[in-house]
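# Descriptive structure summary
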Amino acid sequence: MPWLTRHPLLQRSLPRVQEDLSATYTRSLQKWLIIAPLMGLVIGAAISLVAWVILHEMWPRVMAQYLAHHWLIVPGLTVSMAVTGLIMQYLVANPDRHSTEEVIEAYHNNSAIDMRTFPQKLLASATTVGLGGSSALEGPSIYGGAALGTWLWSILQRGKRLRLTPRDRRIMLICGAAAGMSAVFRAPLTGIVFALEMPYKDDLAHEAVLPSLMASVVSYLTLGALLGNEVLFDFPAARDYTLRDLGWCALLGVVIGLVAMVFGISFRRLRRLVVRWKLPHWVKLAVGGFLTGCIGLVFLWIFPGDIVPLGANYEVVRSVLNDAHSSTELLAFTVFKLLATAATLGFGGVGAMFVPMFLSGGCIGTAFAQSVVQTPMVGMYAAVGMASFIAAAYKTPLASVVFVAEATGGHGFIIPALIGAAVAYTVSGDASISSDQQIREARIEAQVEAHQEAQEAQEAAQETQEAQHAAQEAQHAAKA
C-alpha cells in the first residue's frame, strides 16, 4: 500500500511522532534491561560464593577453636593479620586503598577498579574477616560487586550495539556495589539505597537508581536460589509503641549520634596516623592483629561465655536480639567491639564496619531499654539503636532504616527507627568513618568554580589571540 505512506495526513504526523518518541527515550534506558540483570546474575553468584566460604567455612571453625582454646586468640590474630599485610604490601600497588573507600574514590573520579589486584584483595578480606578480624563482609562485597561492574563495562563497551559511555561506567560501578550489598545481606532494597547514598553525605547517586534496582533484585534472587533467602537476623516485631516511646527513641538517637561522632573522628585520626608510620605494611597489620586479639581475650576473661568481639559477629547479633544479656555486658561489648574494629581496620585490615556499627547500636539500644526506659520492648530499641548508629557513622540514614526492616524482620519499627536515625544523623554532623564521602552542594560549587575558571581562561586566550591578530594587522599596515 504505497499510497498510504504518501498520504498528506501521515506525512504531517510522522515527524511529530518521531519527535515525541525521541524526547521520550532520550536516556536509552532499554540497554539496562540487558546489562543490569546480567550484572545481578554474575555478582550475585560471585558474592554468594565469597560469603559462603568466609561465613560458613572459615569463621565458624576459627571461632570454635578460639572459644575452646583462648590462648590461640592473640597469636592467631597476629599471624592472620600479618598474612593480610603481606598480601596487600607485595601484591597490591596501594595497600591503603581498598573496600568501600576505593569504590567511592573510583565513583568520584569516574575511574575503573583495577582488576589485576581484585583476587588479591578478596583473599586479603578473607584472611581479615574469616580469621577473626573485627570487620564485616559488606567491604569485600561492595568492592567485589563494583569491581565486577566496571569489568563488565570494559567488556561490553567494546561492542557498538549497547553504546556504553564513560558515564555508564559510574552507573555500573554503583549497580555492582548495590548487587554485592544485596547478596551478602539478603536485603535487595538495602543494597540499592546504601549504594546510592554511599558516595555522598547528603545526597544520592541519582543516575544509577533504575539500573541498581534491577541488578540488586536479580542478585538477591541468585543468592536465594543458591543459599536460600530467609531473613538474616529474624526477631519478633511489634507495633504497639506510644508517643512516649518515640520520645525515648529520639533521646537514644542523641546518645548514639554522639558516640558515633566520637568514634568516627577517632577512627579517622587513627587511620591517618597509621598510614604515616614508616613501617612495613605487614608489621602495621601484625600490630593491629595483636591488639585485636588482646581486646578479645580481655573481654572473654571479664565475661566468660560464647560471645566475643571478633569476626563478623553475625552470631552475636542474633544473641543480642533473642537472648538475655545484662546492660553491663552489652555496653562492655560495645566498647570492646569498637576498639577491636578500630584495631583491625585502623591498622589496615581489609573489610568494612557495617555490622560492627549495626551490632554496637543494637547493644546500646537494648541496654537503654533495659536500664533507662525499663520496658519489655527491647526489640524496638535494639532496632532503633542499629539504624541510628549506621545512619550516624556511614551518613546513610535511609539505608540504615531499610536494612533494619529487611535484615531483622522488624517492619513494625520503621517509624521509631526513622526518628532515631534522623536525630543521630543530625547530632553527628559531618563526622563520618569515610574520608572520601563528599557533600553534593560543595561538589557542585567546586564544579561551577572550575567551569568559571575554564571560561575565564578561554576568554583570556581569545583576547590574547585577538591582540596578536591586531598587532599583525598593524605591522602589515605599517609595511604597506
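Small disclaimer: the values here were computed from a predicted structure and weren't measured. (Residues numbered from 1 in each chain as written. Predicted model: local features only at pLDDT ≥ 70, side-chain atom pairs only at ≥ 80, totals over all residues. Heavy atoms only, no water.)

## Quick look at the overall build of the chain
Quick note on the threshold: The helix count covers DSSP runs of H or I at least four residues long, the strand count covers runs of E at least two residues long, and both are numbered beginning at the N terminus. Type-normalised accessible area, obtained with a 1.4 Å probe on protein chains alone, sets the label of each residue: buried when under 20%, exposed when over 50%, and partly exposed for intermediate values. The contact definition used throughout considers only heavy atoms, calling two residues in contact when any of these lie within 4.5 Å. Where accessible areas are quoted, they stem from the Shrake-Rupley method and a 1.4 Å probe; at the residue level, only the protein chains shown are allowed to cover.
Within the chain, the secondary structure is distributed over 19 helices and zero strands. The proportion of buried residues among the 480 residues of the chain is 52%. In the chain, once contacts between residues fewer than 6 apart in sequence are set aside, the share between residues at least 24 apart is 82%. A total of about 21,600 Å² of accessible surface is found on the chain, and carbon and sulfur atoms cover 63% of it.

## Things to note about the nonpolar core
Stated formally: Only buried residues count toward a nonpolar core, which is a set of Ala, Val, Leu, Ile, Met, Phe, Trp, Tyr and Cys residues joined through side-chain atoms within 4.5 Å.
Counting 113 residues, the largest nonpolar core has F185, M357 and Y394 as the members making the most contacts within it. Tallying contributions element by element places helix α16 (residues 378-394) first for this core, with 13 residues. Judged by nonpolar contacts, the second largest core, of nine residues, contains V62, L77, L300 and V308.

## Details of unusual backbone geometry
Peptide bonds are, in most cases, trans, and in most cases residues other than glycine have a negative phi. Backbone geometry at Q374 places phi at a positive 55°, although glycine is not the residue there. Examined against the element boundaries, Q374 turns out to sit in the loop between α15 (354-373) and α16. Exposure remark for Q374: the relative accessible area of 63% places this residue in the exposed category. Positioned with a positive phi, K395 is a non-glycine residue whose angle comes to about 60°. Its place among the elements puts K395 in the loop between α16 and α17 (397-408).

## Overview of the side chain of T127
Formally: The definition of a polar contact used here is a pair of N or O atoms within 3.5 Å, where within protein one atom must be able to donate a hydrogen and the other to accept one, and adjacent residues in sequence count solely through side-chain atom pairs.
Along the chain, T127 falls in helix α6 (residues 118-129). Here the side chain of T127 touches T84 through a polar contact of 2.6 Å, side chain to side chain. In this structure the side chain of T127 is engaged in a polar contact, spanning 2.9 Å, whose partner is the backbone oxygen of A124.

## A word on the confidence of the model for the chain
Selection criterion: Along the chain, pLDDT gives the predictor's confidence residue by residue, from 0 to 100.
Across the chain, the average pLDDT comes to 81, with 80% of residues at 70 or higher. Here helix α1 (residues 2-5) is the element of the chain with the lowest mean pLDDT, 50, and helix α12 (residues 281-302) is the one with the highest, 95. Counted against residues more than four places away or in other chains, residues 441-448, with its pLDDT under 50, gives five contacts.

## Brief notes about the packing of aromatic side chains
Put simply, the test is: Stacked, tilted and edge-to-face are the three classes applied to pairs of Phe, Tyr and Trp rings, where Trp contributes its six-membered ring and a pair requires centres within 6.5 Å; stacked means planes under 30 degrees apart, edge-to-face means over 60, and tilted covers the rest. Look at NZ for Lys and CZ for Arg. If either is within 6 Å of the ring centre and within 35 degrees of the ring normal, a charge sits over the ring.
Summed over the entire model, instances satisfying the criterion amount to 12 aromatic pairs. With a centroid separation of 5.7 Å and an interplanar angle of 70°, the aromatic rings of W277 and F347 are classed as edge-to-face. Of this pair, W277 sits in the loop between α11 (243-276) and α12 while F347 sits in the loop between α14 (327-346) and α15, placing them 70 residues apart in sequence. Since its relative accessible area comes to 31%, W277 is described here as partly exposed. Pairing F354 with F403 gives two aromatic rings, centres 4.8 Å apart and planes at 90°, and the pair type is edge-to-face. In this pair, F354 is assigned in helix α15 and F403 in helix α17, connecting sequence segments 49 residues apart. Judged on exposure class, the residue F354 and its partner F403 are both buried. A cation over a ring is seen here: R170 above Y107, with NZ or CZ 4.1 Å from the ring centre.

## Some details on the environment of L359
Along the chain, L359 falls in helix α15. The spacing of L359 and F333 is 26 residues in sequence and 9.5 Å in space, taken between C-alpha atoms.

## Focus: the packing of helix α3 (residues 32-68) against helix α7 (residues 138-156)
Selection criterion: The angle between two axes is taken between their N-to-C directions and runs from 0 to 180 degrees, where each axis is a line fitted to C-alpha atoms and a helix contributes only its stretch in contact. Oblique is the label for any angle not under 35 degrees, not over 145, and not in the 65 to 115 range, which are roughly parallel, roughly antiparallel and roughly perpendicular in turn. In this scheme the crossing of two helices becomes right-handed for a clockwise turn of the near helix relative to the far one and left-handed for an anticlockwise turn of less than a right angle.
Taken N-terminus to C-terminus, the directions of α3 and α7 make an angle of 135°; their axes are 10 Å apart at the nearest point. Relative to α7, the element α3 is oriented oblique. The chirality of how α3 crosses α7 is right-handed. Every residue of α7 that contacts α3 at I35, L38, M39, I43, A46 and I47 is listed here: P140, S141, G144, G145, L148, G149, L152 and L156.

## Comments concerning the side chain of E329
Looking at the element boundaries, E329 is found in helix α14. Contact partners of E329, with chain neighbours within four places excluded, come to F299, F303 and I307.

## Looking at the pattern of salt bridges
Our working rule: Any carboxyl oxygen of Asp or Glu that lies within 4 Å of a side-chain nitrogen of Lys or Arg is treated as forming a salt bridge with it.
Taken as a whole and judged by the stated rule, the model has three salt bridges. Here D168 ties to K31 by a salt bridge, and the two come within 2.8 Å at their closest N and O atoms. In this pair, D168 sits in helix α8 (residues 166-185) while K31 sits in the loop between α2 (8-24) and α3, placing the two residues 137 residues apart along the sequence. Residue class for K31 comes out buried when judged on its relative accessible area of 11%. For R116, the salt bridge identified is with D114, shortest N-O distance 3.0 Å. Given the relative accessible area of 68%, R116 is considered exposed.

## Notes on a nonpolar patch on the surface
Condition: For patch building, the residue pool is restricted to those with more than 30% relative accessible area and no salt bridge; the joining distance is 9 Å between like charges and 5 Å between nonpolar side chains (Val, Leu, Ile, Met, Phe, Trp, Tyr).
Residues L86, Y90, L91 and W282 make up a contiguous nonpolar surface patch of roughly 410 Å² in combined accessible area. Mapped onto the elements of the fold, L91 is located in helix α4 (residues 73-91). A relative accessible area of 45% means that L91 is categorised as partly exposed.

## Examining the environment of A405
Mapped onto the elements, A405 comes out in helix α17. By relative accessible area, A405 is classed as buried at 6%. Counting along the chain gives 218 residues from A405 to A187, while the straight-line C-alpha distance between them is 9.2 Å.

## So, the packing of α3 against α8
To characterise two packed helices, one gives the angle between the axes of the helices and the distance between these axes. Definition in use: Polar here means any residue outside two lists: the nonpolar Ala, Val, Leu, Ile, Met, Phe, Trp, Tyr, Cys and Pro, and the charged Asp, Glu, Lys and Arg; Gly therefore counts as polar.
With their axes 8 Å apart at the nearest point, α3 and α8 run at an angle of 40° to one another. In terms of axis orientation, α3 runs oblique to α8. For the pair α3 and α8, the crossing hand works out as right-handed. In this structure, α3 contributes W32, I35, M39, I43, G44, I47 and A51 to the contact, and α8 contributes D168, I171, M172, C175, G176, A179, G180, A183 and V184. Residue composition of the contact of α3 with α8, by class: 12 nonpolar, three polar and one charged.

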